[in-house]
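# Summary of the model geometry
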Amino acid sequence: MEVFGFRAARRPVLVSLPHVGTALPDGFIGRLVPEAQGLPDTDWHLPRLYDFLEELGVGVIQARFSRYVVDLNRPSNDTPLYSGATTGLCPTTLFDGAPLYQPGAEPDAAEVTERIARYWAPYHETITAEMTRLREQFGRAVLFDAHSIRSTVPRLFDGRLPDLNIGTNEGRSLDPVLSDRLLAVCADAGADGFTHVRDGRFKGGHITRHFGRPAEGWHAVQLEMAQVTYMEEDAPFAFDEERAARVRPHLRRFIETMADWAEGRA
């Protein structure tokens with residue numbers, strides 16, 4: 001199986017979906033505790049939620065393998081991105097802090113190195129190549145890193161997460177004009193009852209921080225969505241089309257705003 005799917009962009013926007021994968025290497029599931037075998041920390045159903053991407057002409061890179069194998073949104077040296085509780089490059093705990101692996105089944109340093117080479121490096125090399133191509137063709141390129149998470153994860157954040165969480169690495173990952181326009185899209189979503197924040201608990205992971213280089217014509221933004229906006233947050237994690245239909249137009253406008261700005265239309 002290919003470690004990720006990729007479709008080249010026709011417009012200067014690349015959408016990254018690093019945490020949607022559910023595949024596992026042979027023998028891997030038997031190393032996990034029963035609570036982890038259902039892959040509860042997956043960014044469920046995002047390809048279905050963002051079903052308009054091809055129509056808009058933006059590119060897509062999409063993980064095939066679970067984040068439990070390797071987290072594509074962490075630096076390869078596993079430097080923590082946030083203070084306090086966080087998750088690692090090859091995680092050994094669930095989001096709630098419970099062990100991910102059966103005792104003694106955790107990966108050693110050699111296995112972590114192999115996972116980086118097989119899964120992490122090709123994903124990032126492809127993003128680099130596509131962002132380079134888009135910048136050369138259009139003058140600037142935008143990377144949109146799309147995520148979702150349960151609306152309450154006490155170990156990782158207090159209370160109920162806002163519905164739409166924009167991460168811009170405190171304004172360092174993209175042009176401020178584009179940042180303000182994306183914030184306005186989320187603010188407009190408030191008319192439909194959606195809450196939002198910019199650079200709150202989620203300021204952008206490694207992908208946003210690494211590929212957000214406005215001075216070089218590369219712009220990046222992360223959107224972390226509360227899963228309650230489009231699905232059931234408890235197993236079996238069912239997609240809810242009625243909820244999705246409410247939030248999907250705002251997501252579409254979010255991406256259209258990026259593409260129009262990158263093409264100089266707005």
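Given the structure is predicted, the values throughout are model-derived calculations rather than measurements. (Residues numbered from 1 in each chain as written. Predicted model: local features only at pLDDT ≥ 70, side-chain atom pairs only at ≥ 80, totals over all residues. Heavy atoms only, no water.)

In this section: helix α3 (residues 109-138). Its 30 residues give α3 an end-to-end C-alpha distance of 41 Å, which sits within 8% of 44 Å, the value for a rise of 1.5 Å per residue. The largest bend along α3 measures about 40° and falls at Ile116. Arg115, Ile116, Tyr119, Trp120, Ala121, Tyr123, His124, Thr126, Ile127, Glu130, Met131 and Leu134 are the residues of α3 that are buried. In this structure, the buried side of α3 is in contact with β1 (4-7), β2 (13-17), β3 (59-63), β4 (141-149), α5 (206-211) and β7 (218-226). (Helix = DSSP H or I, 4+ residues; strand = E, 2+ residues; numbered from the N terminus. Expected span 1.5 Å × (residues − 1). Bend = angle between axes of the 7 residues up to and from the residue. Buried < 20%, exposed > 50% of the residue type's maximum accessible area, 1.4 Å probe, protein only. Contact = heavy atoms within 4.5 Å.)

We now examine unusual backbone geometry. Residues other than glycine predominantly adopt negative phi, and peptide bonds predominantly adopt the trans conformation. That bond from Ala235 to Pro236 is cis: its omega, 10°, falls within 30 degrees of zero. By the element assignment, Pro236 lies in the loop between β7 and α6 (241-262). Although it is not a glycine, Leu39 adopts a positive phi angle of roughly 55°. By secondary structure assignment, the location of Leu39 is in the loop between β2 and α1 (46-49). The backbone phi angle of Asp199 is positive, close to 55°, even though this residue is not glycine. Looking at the secondary structure, you find Asp199 in the loop between β6 (196-198) and α5. A relative accessible area of 13% means that Asp199 is categorised as buried.

For the rest of this paragraph, the subject is empty space enclosed by the protein. Inspection of the entire model under this criterion finds 4 cavities of 30 Å³ or more. Of the pockets and cavities examined, the second largest cavity occupies roughly 50 Å³. Around the second largest cavity, the lining residues are Val3, Ala63, Phe65, Ser66, Val70, Leu72 and Tyr119. (1 Å grid on protein atoms, 1.4 Å probe; cavity = no way out; pocket = protein on both sides within 12 Å on 5 of 7 lines; lining within 4 Å. Points joined across faces, edges and corners; volume = space filled by probe spheres on them.)

Here we come to the packing of aromatic side chains. Applying the stated rule across the entire model yields 10 aromatic pairs. Pairing Phe4 with Tyr123 gives two aromatic rings, centres 5.8 Å apart and planes at 85°, and the pair type is edge-to-face. Residue Phe4 is located in strand β1, and its partner Tyr123 is located in helix α3; the two are separated by 119 residues in the primary sequence. Grouping residues by exposure puts Phe4 and Tyr123 together as buried. Among the aromatic residues, ring-to-ring pairing joins Tyr50, Phe52, Phe144 and Phe254 into one connected group. Here the guanidinium or amino end of Arg140 rests over the ring plane of Trp261, the centre of that ring lying 3.8 Å away. The aromatic ring of Phe202 is capped on one face by Arg201, whose charged end is 5.1 Å from the ring centroid. (Phe/Tyr/Trp six-rings, centres within 6.5 Å; stacked < 30°, edge-to-face > 60°. Lys NZ or Arg CZ within 6 Å of the ring centre and 35° of its normal.)

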